[in-house]
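So you can see what is in the structure, the chains are spelled out below.
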Amino acid sequence: MKLFSILLVFAVSMSMHAQLTPIVDSIPMRDGKKLAADIYLSPNPTAATILVQTPYNRLLYRIVGLPLYGFNVSTMPYNIVILDWRCFYGSLSACVASPDRGEDGYDAVEWIAAQSWSDGQVATHGASALGLIQYQTAKEQPPHLVCICPIVAGPQTEYKSYYEGGVYRTEFVTQLDALGYGLSTFILANQYYSPVWQFVESTTNYPGSITVPAFLIGGWYDHNTDDQVEFFNALRTSSPLTVRDEHRLVMGPWTHKSVGLNNQGALSYPGAAGWSDSLARMYFDYHLRTIPNGWNATPYVQYFQMGDDTWQNSPSWPPTGLQNVSLFFHQGNFLDSQSPSNATGNSSYNYDPADPSPTAGGPTLLVTLAEGPVDQAPVVETRNDILIFSTAILGQDVILKGDATATIYVSSDQPDTDFAIRLTDVYPDGRSMLVSDGITRMRFRNGFTTNDTASMVAGTVYPVDIVLPTTAITFKAGHKIRIDITSSNYPRFDNNLNNGGAMYVAGDTNVANNTVYFNSQYPSRINLQVVDFVGSTNQQHLAALNAAVFPNPSNEEATLHFVAEQTDIYTAEIIDVTGRITWIKKDVCSGEQNWILPASISPGTYIVKLSGASGVNVLRFCKF
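Residues numbered from 1 in each chain as written. Predicted model: local features only at pLDDT ≥ 70, side-chain atom pairs only at ≥ 80, totals over all residues. Heavy atoms only, no water.

Asker: Explanation requested: the pairing of strand 10 (residues 248-255) in the structure shown.
Answerer: Note on strand geometry: in a regular strand, side chains alternate between the two faces of the sheet. Burial analysis of strand 10 places 8 of its 8 residues in the buried class, which makes it a mostly covered element. Here strand 9 (residues 215-221) pairs with strand 10 via 6 bridges, running parallel. Along strand 10, the bridge assignment pairs Gly219 with Gly252. Read as a crossover between parallel neighbours, the route from strand 9 over helix 9 (residues 225-238) to strand 10 is right-handed. In terms of strand pairing, strand 10 meets strand 13 (residues 301-305) through 3 bridges, oriented parallel. When the sheet's bridge partners are listed, Leu249 is paired in strand 13 with Val301. (Buried < 20%, exposed > 50% of the residue type's maximum accessible area, 1.4 Å probe, protein only. Helix = DSSP H or I, 4+ residues; strand = E, 2+ residues; numbered from the N terminus. Pairing = 2+ DSSP bridges. Right-handed = clockwise from strand over helix to strand, strands pointing away.)

Asker: Is there a simple way to explain the pairing of strand 18 (residues 387-390) in this structure?
Answerer: Burial along strand 18 is two-sided: Leu387 and Phe389 facing one way and Ile388 and Ser390 facing the other are all buried. As paired strands, strand 18 and strand 23 (residues 480-486) are joined by 4 bridges and run antiparallel to one another. The residue of strand 23 that forms the bridge with Ile388 is Asp484.

Asker: It is not clear to me how the layout of surface pockets should be interpreted in this structure. Could you clarify?
Answerer: By rolling a water-sized probe across the atoms, one finds the places where empty space is left. Its boundaries defined by the atoms lining it, the second largest pocket holds a volume of some 330 Å³. Surrounding the second largest pocket, 18 residues form its lining, Val426, Gly430, Lys480, Arg482 and Ile581 being those nearest its centre. Elements with a contribution of two residues or more to the lining of the second largest pocket: strand 23 and strand 28 (581-597). For the lining of the second largest pocket, the per-class residue count stands at 8 nonpolar, 4 polar and 6 charged. (1 Å grid on protein atoms, 1.4 Å probe; cavity = no way out; pocket = protein on both sides within 12 Å on 5 of 7 lines; lining within 4 Å. Points joined across faces, edges and corners; volume = space filled by probe spheres on them. Nonpolar A, V, L, I, M, F, W, Y, C, P; charged D, E, K, R; others polar.)

Asker: How should the nonpolar core be read in this particular structure?
Answerer: For soluble globular proteins, nonpolar side chains are generally found buried alongside one another. Within the largest apolar cluster, 108 residues are counted, with the highest numbers of intra-cluster contacts made by Phe284 and Ile485. For Ile485, the contacting residues outside a window of four places in its chain are Phe329, Tyr349, Asp385, Ile386, Leu387, Phe389, Phe419, Ala420, Ile421 and Val516. Membership of the second largest hydrophobic core comes to 19 residues, among which are Trp583, Trp595, Ile601 and Val608. (Core = buried A, V, L, I, M, F, W, Y, C linked by side-chain atoms within 4.5 Å. Contact = heavy atoms within 4.5 Å.)

Asker: Can you walk me through the packing of helix 3 (residues 101-113) against helix 4 (residues 129-139) in this structure?
Answerer: When two helices pack together, their arrangement is given by the angle between the helix axes and by the axis-to-axis distance. Contact pair helix 3 / helix 4: the axes reach a minimum separation of 7 Å and the direction vectors enclose 75 degrees. Taken together, helix 3 and helix 4 sit at an angle that is classed as roughly perpendicular. Here helix 3 contributes Arg101, Gly102, Gly105, Tyr106 and Val109 to the contact with helix 4, which in turn contributes Ile133, Gln136 and Thr137. Of the residues contributing to the contact of helix 3 with helix 4, the split by class is 3 nonpolar, 4 polar and 1 charged. (Axes fitted to C-alpha atoms, helices over the stretch in contact; angles between N-to-C directions. Parallel < 35°, antiparallel > 145°, perpendicular 65-115°, else oblique.)

Asker: I would appreciate a short explanation of helix 9 in the present structure.
Answerer: In an α-helix, one turn spans 3.6 residues; hence positions three or four apart end up facing the same way. Taking 1.5 Å as the rise per residue, helix 9 with 14 residues should run 20 Å; its terminal C-alpha atoms sit 20 Å apart, in good agreement. Taken together, the buried positions of helix 9 are Thr225, Asp227, Gln228, Val229, Phe231, Phe232, Ala234, Leu235 and Arg236. (Expected span 1.5 Å × (residues − 1).)

Asker: Help me out: how do you make sense of the state of the cysteines in this one?
Answerer: Think of a disulfide as a covalent bridge from one cysteine sulfur atom to another cysteine sulfur atom. In this structure the tally under the stated criterion is 1 disulfide. Here Cys147 is not disulfide-linked; the sulfur of Cys149 is the nearest cysteine sulfur, at 8.0 Å. (Disulfide = S-S within 2.5 Å.)

Asker: Would you mind showing me how to read the packing of aromatic side chains here?
Answerer: Each aromatic ring pair is specified by the distance between its two centres and by the angle formed by the two planes. Under the definition given, this model contains 34 aromatic pairs. Here Tyr163 and Tyr504 contribute two aromatic rings whose centre-to-centre distance is 6.1 Å and whose plane-to-plane angle is 40 degrees, an arrangement assigned as tilted. Note that Tyr163 is positioned in strand 7 (residues 163-164) and Tyr504 in the loop between strand 23 and strand 24 (512-517), a separation of 341 residues in sequence. A residue is classified by how much of its surface remains accessible, and Tyr163, at 1% relative accessible area, is buried. A centroid spacing of 4.8 Å and a plane angle of 65 degrees characterise the contact between Tyr303 and Trp317, whose relative ring orientation is edge-to-face. Of this pair, Tyr303 sits in strand 13 while Trp317 sits in the loop between strand 14 (310-314) and strand 15 (323-330), and the two are 14 residues apart along the sequence. The structure contains a cluster of three or more aromatic residues connected by ring pairs, namely Tyr159, Tyr162, Tyr163, Tyr168, Phe172, Phe186, Tyr192, Tyr193, Trp197, Phe444, Phe448 and Tyr504. A cation over an aromatic ring shows up here: Lys139 above the ring of Tyr206, its NZ or CZ 5.4 Å from the ring centre. (Phe/Tyr/Trp six-rings, centres within 6.5 Å; stacked < 30°, edge-to-face > 60°. Lys NZ or Arg CZ within 6 Å of the ring centre and 35° of its normal.)

Asker: Whenever I open this one, unusual backbone geometry confuses me. Can you help?
Answerer: Residues apart from glycine generally show negative phi values, whereas peptide bonds are mostly found in trans. Here the amide bond leading from Trp317 into Pro318 is cis, since omega sits at -5 degrees, within 30 degrees of zero. Residue Pro491 follows Tyr490 across a cis peptide bond; omega there is 15 degrees. By the element assignment, Pro491 lies in the loop between strand 23 and strand 24.

Asker: When you look at helix 10 (residues 275-289) in this model, what are you seeing that I'm missing?
Answerer: Helix length check: helix 10, at 15 residues, gives a terminal C-alpha distance of 20 Å against a target of 21 Å (1.5 Å per residue), a fit within 8%. Among the residues of helix 10, Ser276, Leu279, Ala280, Tyr283, Phe284, Asp285, His287 and Leu288 are the ones counted as buried. Next to the buried residues of helix 10 lie strand 3 (47-54), strand 5 (118-127), strand 6 (145-151), strand 9, strand 10 and strand 13. Where helix 10 ends, the next residue or the one after it, Thr290, has phi of about 50 degrees, a positive value.

Asker: For this particular structure, what's the right way to read the confidence of the model for the chain?
Answerer: Low-pLDDT stretches of the model should not have their predicted coordinates read in fine detail. Mean pLDDT over the chain stands at 91; residues scoring 70 or higher make up 93%. Here residues 538-544 scores under 50 on pLDDT; set against residues more than four positions off or in separate chains, the count is 24 contacts. (pLDDT = per-residue confidence, 0-100.)

Asker: Please clarify how the side chain of Gln228 should be interpreted in this entry.
Answerer: The residue Gln228 is located in helix 9 in this model. In this structure Gln228 comes out as buried when scored by relative accessible area, which is 0%. Among the polar contacts listed, one links the side chain of Gln228 to the backbone oxygen of Ala153, at a separation of 3.4 Å. (Polar contact = N/O pair within 3.5 Å; in protein donor to acceptor, adjacent residues only side chain to side chain.)

Asker: Mind showing me how you'd approach the pattern of salt bridges here?
Answerer: Note on pairing: side chains with opposite charge can pair once their charged atoms come close. Applying the stated rule across the entire model yields 25 salt bridges. Across the salt bridge formed by Asp38 and Arg58, the nearest N and O atoms sit 3.0 Å from each other. Residue Asp38 is found in strand 2 (residues 34-40), and its partner Arg58 is found in the loop between strand 3 and helix 2 (61-64); the two are separated by 20 residues along the sequence. Here Asp38 falls in the buried class, since its relative accessible area comes to 0%. You can call Arg58 buried: its relative accessible area is 9%. A salt bridge links Glu573 to Lys480; its shortest N-O distance comes to 2.7 Å. Here the residue Glu573 occupies a position in strand 27 (residues 558-575), and Lys480 occupies one in strand 23, the gap between them amounting to 93 residues. Assigned by exposure class, Glu573 and Lys480 land together as buried. (Salt bridge = Lys/Arg side-chain N within 4 Å of Asp/Glu carboxyl O.)

Asker: It is not clear to me how the environment of Ile82 should be interpreted in this structure. Could you clarify?
Answerer: Assignment of secondary structure puts Ile82 in strand 4 (residues 79-84). A relative accessible area of 0% means that Ile82 is categorised as buried. Distance in space between the C-alpha atoms of Ile82 and Val24 is 9.9 Å, their sequence separation being 58 residues. Apart from residues lying up to four places away in sequence, Ile82 is in contact with Ala36, Ala37, Asp38, Tyr40, Val52, Thr54, Arg58, Tyr61 and Pro67.

Structure, rendered in structure tokens:
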């Protein structure tokens, strides 16, 4: 009930609607029990009906207003029925063990179709769990169901949904338990991929059973992004031929709890605000009211290209014709499309399970955590348990549409540990805004069954692929692409104790010394699906700048000397061992230059990176 109180306070504070007064009724199910329903009738004598089935209390809609904001109750063309799930809130008395929610949905659709105020047509709508139950209802194929509109939801229940890269999604399951689903006992009892998961997966992925049009609405910062895209693709190839071309997908810059809103995390996307509701209205008007509004001619996939902040379309996702481009890790903590030529190159950091790298945004669900694009610089990138690799300032847009996969070569002095990746978009003002993230547990590097697991051997180098969720973002010229590598992202993911023992139980914690390799033998990299990529992100690593720092080492001011053979803007950065820029200077230069490096920087080892029209030089500088 605590969560309900939080939602109710939020609803009251955000609502601009007068309290609505519905017809209160109950809908009989085939077992004789009844589910509580609020019914909002159109002023028309008969009308099509939009059914919303919720586990989050139908009474909230009386305060926040009806789904598809913009409906005026006195003039709306649809009836709307809000139904409490069996075992939740008003339908608690109908609770049974292991309810079949698809059958309940079927019975609700057919009851609605038989009412005097119904024209016999029913559609469904809703987000998250309210989307999941739409798939379950459609699978039962009620005769009067016309179409469905699931938002940030796929029907699949998969091992990877709860163990990403083999790592327990702590905050996700914690929030699901708080919402009343009680899944953690089952999830933690099945930590390895097994016949149990095979059965669950085989019974929850059923595109061939969806016989009505489906309009899927998803978000690039949602935790269901890949599931939803994968199911849409399956609908386009495996649903009945009579309906296969009726499915549509829209992907916006949205988080799970903020679909269609302007503000997402620490960024805003006014070009996407209200888009989901507008398209859903168009979809329902076409299928339920046969209004010739052109919906049948809309693209199969519409998506918001972040960075460009424009709506684009494609016949499929990901679009065809993409290039696979690798950005390699290099000494000096930079990324470039040229593979490393040096025979040696690696960096290490310590990971302490008692002090894990904190979650800052991303596809979170827990109400106490920020969602979406959040700056990693203040909280994550200032710590000493991280490696940071960045491109130089981009001279061209890099347009990502699809997956990003990090291929890294790693070792550890412990029998087990994790490696976590964050992909960020670095703005000219230094903000490092999260784009996507992923993780893998090293004991699962060969697979997720019990027989697949293997301990690490100290000093042995292992290749690991970490797949990040699909997305669409343009890294704009003047920005940088960055990869943060840590061994934790807590509480989004469980923090590995590093001891190689039983997981998710109390035990001794070991501090791990973890190493990432980037050289000609072990070319760690991030692989991107991009459009029209030309040349190197860092121009070229040329010696034409003839750069040098002297004195080096120094305990006072030092001088950066270089020759600018072409007139251009040149940039010098002093970067510490964590990848943080501690000093930067830009100027238009031509010919011989001497720039003074400040005496105020703290003692330590630094990288001095100089970039301009003639190339990029990376120099090591010691201050004592």
